[in-house]
Structures are given as C-alpha cells and as structure tokens.
Amino acid sequence: QVQLVESGGGSVQPGGSLRLSCAVSGIFSAYNLGWYRQAPGKQRELVATITHSGSIDNSDSVKGRFTISRDNDKNTVTLQMNSLKPEDTGVYYCHAKRTSLPIEFWGQGTQVTVSS
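Residues numbered from 1 in each chain as written. Predicted model: local features only at pLDDT ≥ 70, side-chain atom pairs only at ≥ 80, totals over all residues. Heavy atoms only, no water.

(A) Local environment of the packing of aromatic side chains. For the structure shown, the criterion picks out three aromatic pairs. Pairing Tyr31 with Phe105 gives two aromatic rings, centres 6.2 Å apart and planes at 45°, and the pair type is tilted. Within this pair, whereas Tyr31 is found in strand β4 (residues 31-38), its partner Phe105 is found in strand β10 (residues 104-106), the two being separated by 74 residues in sequence. Residue classification places Phe105 among the partly exposed residues on the basis of a relative accessible area of 25%. Ring centres of Tyr36 and Trp106 lie 5.1 Å apart, and the angle between their planes is 70°; this geometry places the pair in the edge-to-face category. Of the two residues, Tyr36 is situated in strand β4 and Trp106 in strand β10; the sequence distance between them amounts to 70 residues. When its relative accessible area of 34% is taken as the criterion, Trp106 is described as partly exposed. Taken together, Tyr36, Tyr93 and Trp106 form an aromatic cluster joined through their ring pairs. (Phe/Tyr/Trp six-rings, centres within 6.5 Å; stacked < 30°, edge-to-face > 60°. Helix = DSSP H or I, 4+ residues; strand = E, 2+ residues; numbered from the N terminus. Buried < 20%, exposed > 50% of the residue type's maximum accessible area, 1.4 Å probe, protein only.)

(B) The nonpolar core, seen in detail. With 25 residues, the main nonpolar core has Trp35, Val47, Phe66, Val77, Leu79, Met81 and Tyr92 as its most contacted residues. Once residues within four sequence positions are removed from consideration, Val47 is found in contact with Trp35, Tyr36, Arg37, Asp57, Asn58, Ser59, Val62, Phe66, Leu79 and Tyr92. (Core = buried A, V, L, I, M, F, W, Y, C linked by side-chain atoms within 4.5 Å. Contact = heavy atoms within 4.5 Å.)

(C) The sheet that holds strand β3 (residues 18-25), seen in detail. With antiparallel pairing, the four strands of this open sheet are ordered in space as β1-β3-β8-β7. Strands at the two margins of the open sheet, each flanked by one partner only, are β1 (3-7) and β7 (66-71). For this sheet, the mean angle separating the axes of adjacent strands, direction not counted, is 15°. Direction of pairing for β1 relative to β3: antiparallel, over a ladder of five bridges. Of the residues in β3, the one forming a bridge with Leu4 is Val24. (Pairing = 2+ DSSP bridges. Axes fitted to C-alpha atoms, helices over the stretch in contact; angles between N-to-C directions.)

Put into structure tokens, the structure is as follows:
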C-alpha cells in the first residue's frame, strides 16, 4: 500500500520559514518525488521535484527561497521554505511519480498560510 504523509505546515508571517516533510512508504527508488501547491481558486502547480539521483527542478516563483531534498534511506522528501510571501499560501501536496511510466501518487495535503 502506497502512502505519502505530509507534516510541517502551519501559519507564519511574511519573511518567515517553514519546513515540510513527507514520509513515503510502499514505493521504492524508481520514483521522482516532489511538492505541488494549490492556492484558493487556482489550479495545482509545481513547486519543486527531485529525482532519485538528486536532480532538481524548481518553479521560478520559489527559486532562491525554497530547497527540496530527499533521503533515499529513510524514504522522505523535505521542502525547506524561507523568505515566505503571502502568495505562497496554499495547500501543499507531496507527490511521487514513477519514472517513465504514468503512475503517480499524492499525499493528503498540508496547509501553509503566510499572513501578517
């Protein structure tokens, strides 16, 4: 059974930091891991992805502020978010996609709110 369980969301003032973590179980190394977010009234969008070998793809809106990392031994993926802005507010979803195959899984989402 595949499970992606996020933790670490919350509320923070502009300029603050949050760290999101996702524990992945039931799938193995041939998956790219990543984070997506969905703001109210908007479509879900890519934040950052990381392959098993560590290649990273970031959205332009978070470059220089967010850092994605993964621990292949512990099957976790982490998103360190610094210099948060109100427009970063939304539900953040952990995502896993099988490389070269249309197989993907989603976590349940965790709320991030950036407000003064």
